[in-house]
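Listed below are the residues making up each chain.
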Amino acid sequence: MAVGRENGTHQNGALNGVDRRIRHIPLSYTSEDDGSALRLVLAVRPEWDDAESRVEFVRFTDGITNTLLKAVNKRAGLSKEDVDKEAILLRAYGNGTDLIIDRRRETQNHELLMKHGLAPELLARFENGMMYRFIRGTVTHPADLRKPSIYKAVARRLAQWHASVPCIPGRTGHSRKNSRTDGLSLPATALGDLEFQRAIDGVAPGKPSPNVWTVMQKWIFALPTDTEAQRTRQADLQEELQKIVSEFSQRPGLGENALVFAHCDLLSGNVIVLPDSTTKAITNGDKATETVTFIDYEYATPSPAAFDIANHFAEWGGFDCDPTALPTRAQRREFIADYIHAYSSQLPEKPDRPADEAAEAAKLFDEVDHFRGIPGFYWGIWALIQATISQIDFDYASYAETRLGEYWAWRAEVSGERQRSGMEIPPREKRWAQEE
């Protein structure tokens, strides 16, 4: 999206047929200023600034990247449903997160998803965040993801994303001023801006950027390198990324260039179960199922479908990374069968529509199995950066070691190293192999 300002109040945007004017408010949110959230909300809801209004804020605490507030106006005589219809979500970006998230791309993602009816209306951007309409529904928890009615609904919605939303090429956004390559064979002083961009965008030859591989390369460049141990770790992770890209980036898969528009952060807090009053009933045989939608698109990027699905499966364990909560083979098979059926239904006239759904589901099942260790690498790098920049009360350093530990355990399993050493199978790998 082309970014510009007009009198400090609007931002122009055009993206794949989307031509909207997203308002920009030259104000910031700060947790130290109780009035900052109210000033932002009143900028988009000036009618709430009257004697009859009772504006209140509800803080959501499930996220570990941003601050999320729900603004409501509890005027006298309004039902909860009426209040929620006018509610606004205010999302303030976490400290320093421009180092890991391309905020310009995030806005593009939101507008693109709006165009396809897959995101709420984006009301405005402000200096360190955005505001959009509240989605009525129930936020899921990790245990909910394991319910058949929920995971089938997630499979259908994810297939809709992957089949209908196009991948828009462009540069991988980065914060060069905070990125370091000290521990690598590419010293920062030797790379000009153009070469630095090429080093990111060219990590997976033949794949249009941005993509999940370029994002991981950007993150590795952004790792802390203040100590010798940090520089050594960055170099080791860079070597491992090159190995992953060599093994995985050219695998066949769904979508053009084997990439789909992926959410890449489909944890329970980003899955909303819609109320019956806002959606049509969907039936599967004799059993009614739920309908869900997804929120938070800051990590969305073109990716292999198998990565997005494997990443979602990892989130069944929550932030505790409970290996016993991961889907069994039977659950994964059921999820993927529903996904392939929904994906095919989105492509009725296209030549790339799967002709044999059962065969395609079996193929994707195997691909997800291949990708099961990669989300641990992805989020492990992310958490190493967050441990140095975030002000949110979360133990990112321990989380990084847990997620990277998942990756190394997977490596040892698929290479046969674990078996040769006589060690017991790790709980995560044991659960993944479980049939029922």
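Computed from a prediction, not measured in an experiment: that's the story for all the values here.

Asker: Could you clarify how one ought to interpret unusual backbone geometry in this entry?
Answerer: For residues other than glycine, phi is negative in most cases, and the peptide bonds are mostly trans. Going from S209 to P210, the amide bond is cis rather than trans, its omega being -5 degrees. By the element assignment, P210 lies in the loop between α6 (193–201) and α7 (212–221). You will see that A258, though not glycine, has its phi angle at about 60 degrees, which is positive. Mapped onto the fold, A258 is located in the loop between α8 (228–248) and β9 (260–262). Located in the positive-phi region is D296, a residue other than glycine, with phi close to 60 degrees. With respect to the helices, strands and loops of the structure, D296 is situated in the loop between β13 (292–294) and β14 (301–303).

Asker: Would you mind showing me how to read the nonpolar core here?
Answerer: Generally speaking, soluble globular proteins have nonpolar side chains that are buried together. In this structure, W213, Y339, F377 and Y378 are the most contacted members of the largest nonpolar core, which totals 97 residues. Sorting elements by how many residues they give to this core places helix α12 (residues 374–389) first, with 10 residues. With near-sequence residues (within four places) excluded, Y378 lies in contact with V212, V215, M216, W219, C264, Y299 and F307. The next biggest cluster of nonpolar side chains, apart from the first, holds 18 residues, and it includes V41, L42, L69 and I88.

Asker: Would you explain empty space enclosed by the protein in this entry?
Answerer: Unoccupied space between atoms shows up once a probe the size of one water molecule is rolled over them. By the definition in use, this model includes 3 cavities of 30 Å³ or more. Volume-wise, the largest cavity comes out at about 140 Å³. Contributing to the lining of the largest cavity are 18 residues, with D102, V215, K218, E298 and A300 lying nearest its centre. Looking at the lining of the largest cavity, the elements that each hand over two or more residues are α3 (103–115) and α7. Tallied by class, residues from the lining of the largest cavity come to 8 nonpolar, 4 polar and 6 charged. Lining the second largest cavity are A314, G318, C321, D322, P323, L326, R403, E406 and R428. Across the lining of the second largest cavity, the residue classes tally to 4 nonpolar, 1 polar and 4 charged.

Asker: Please explain the pattern of salt bridges as it appears in this structure.
Answerer: Close approach of charged atoms lets side chains of opposite charge pair. Applying the stated criterion across every chain, the model contains 31 salt bridges. The salt bridge partner of K80 is D84, with a shortest N-O separation of 2.9 Å. Here K80 and its partner D84 are both found in helix α2 (residues 80–85), 4 residues apart, which amounts to about one turn of the helix. For K80, a relative accessible area of 60% gives the class exposed. Note that E367 and R251 form a salt bridge whose closest N and O atoms lie 2.5 Å from each other. Of this pair, E367 sits in helix α11 (residues 357–371) while R251 sits in the loop between α8 and β9, and the two are 116 residues apart along the sequence. Through salt bridges with shared partners, a single ionic network connects R91, R103, E106, D296 and E298.

Asker: Please explain the packing of aromatic side chains as it appears in this structure.
Answerer: Here a ring pair, both rings aromatic, is described through the centre-centre distance and the interplanar angle of the planes. This structure, assessed with the given rule, holds 29 aromatic pairs. Here W161 and Y297 contribute two aromatic rings whose centre-to-centre distance is 5.8 Å and whose plane-to-plane angle is 50 degrees, an arrangement assigned as tilted. With W161 in helix α5 (residues 148–164) and Y297 in the loop between β13 and β14, this pair connects stretches of sequence that are 136 residues apart. A relative accessible area of 3% places Y297 in the buried class. Here the aromatic cluster, defined as three or more aromatic residues joined through ring pairs, consists of W219, Y299, F307, F319, Y378, W379, W382, F394, Y396 and Y399. Over the ring of W432 we find R332; its NZ or CZ atom is 3.8 Å from the centre of that ring. Here the basic side chain of R333 rests over the ring of F365, its NZ or CZ set 5.2 Å away from the ring centre.

Asker: I would appreciate a short explanation of the packing of α12 against helix α13 (residues 396–415) in the present structure.
Answerer: The contact between α12 and α13 brings their axes to 7 Å, and the two run at 155 degrees. With respect to their mutual orientation, α12 and α13 come out roughly antiparallel. α12 and α13 meet at a crossing whose hand is left-handed. Along its contact with α12, which presents I374, P375, G376, F377, W379, G380, I381, W382, A383, L384, Q386 and A387, the element α13 presents Y396, A397, Y399, A400, E401, R403, L404, E406, Y407 and W410.

Asker: For this particular structure, what's the right way to read helix α9 (residues 305–314)?
Answerer: Residues separated by three or four positions in an α-helix point in the same direction, a consequence of the helix having 3.6 residues per turn. Most of α9 is tucked away, with 10 of its 10 residues classed as buried. Taken as a whole, α9 has its buried residues at A305, A306, F307, D308, I309, A310, N311, H312, F313 and A314.

Asker: It is not clear to me how the pairing of strand β5 (residues 88–92) should be interpreted in this structure. Could you clarify?
Answerer: Walk down a regular strand and you will see the side chains alternate between the two sheet faces. Burial of β5 is extensive: 5 of the 5 residues sit out of reach of the surface. Across the two faces of β5 the burial is the same, with I88, L90 and A92 and L89 and R91 all buried. Bridge analysis of strand β4 (residues 67–73) against β5 gives 5 bridges, and the strand direction is antiparallel. Across the sheet, K70 pairs through a bridge with L89, a residue of β5. Relative to strand β7 (residues 129–133), β5 runs antiparallel, the two being bridged by 5 bridges. Looking across to β7, one finds that L90 is bridged to M131.

Asker: Explain the environment of L122 here, please?
Answerer: As for its position among the elements, L122 is in strand β6 (residues 122–126). Taking the relative accessible area as the measure of exposure, L122 reaches 2% and is therefore buried.

Asker: Help me understand the pairing of β7 in this model?
Answerer: For β7, the tally of buried residues reaches 4 of 5 residues, placing the bulk of the element in the interior. Judged from the 4 bridges that link them, β6 and β7 form a sheet pairing that is antiparallel. Following the sheet pairing, R125 is matched in β7 by M130. Remark: 2 residues form the turn of the hairpin made by β6 and β7, two consecutive strands paired antiparallel.

Conventions we followed
- Residues numbered from 1 in each chain as written.
- Predicted model: local features only at pLDDT ≥ 70, side-chain atom pairs only at ≥ 80, totals over all residues.
- Heavy atoms only, no water.
- Helix = DSSP H or I, 4+ residues; strand = E, 2+ residues; numbered from the N terminus.
- Core = buried A, V, L, I, M, F, W, Y, C linked by side-chain atoms within 4.5 Å.
- Buried < 20%, exposed > 50% of the residue type's maximum accessible area, 1.4 Å probe, protein only.
- Contact = heavy atoms within 4.5 Å.
- 1 Å grid on protein atoms, 1.4 Å probe; cavity = no way out; pocket = protein on both sides within 12 Å on 5 of 7 lines; lining within 4 Å.
- Points joined across faces, edges and corners; volume = space filled by probe spheres on them.
- Nonpolar A, V, L, I, M, F, W, Y, C, P; charged D, E, K, R; others polar.
- Salt bridge = Lys/Arg side-chain N within 4 Å of Asp/Glu carboxyl O.
- Phe/Tyr/Trp six-rings, centres within 6.5 Å; stacked < 30°, edge-to-face > 60°.
- Lys NZ or Arg CZ within 6 Å of the ring centre and 35° of its normal.
- Axes fitted to C-alpha atoms, helices over the stretch in contact; angles between N-to-C directions.
- Parallel < 35°, antiparallel > 145°, perpendicular 65-115°, else oblique.
- Left-handed = near helix turned anticlockwise from the far one by under 90°.
- Pairing = 2+ DSSP bridges.

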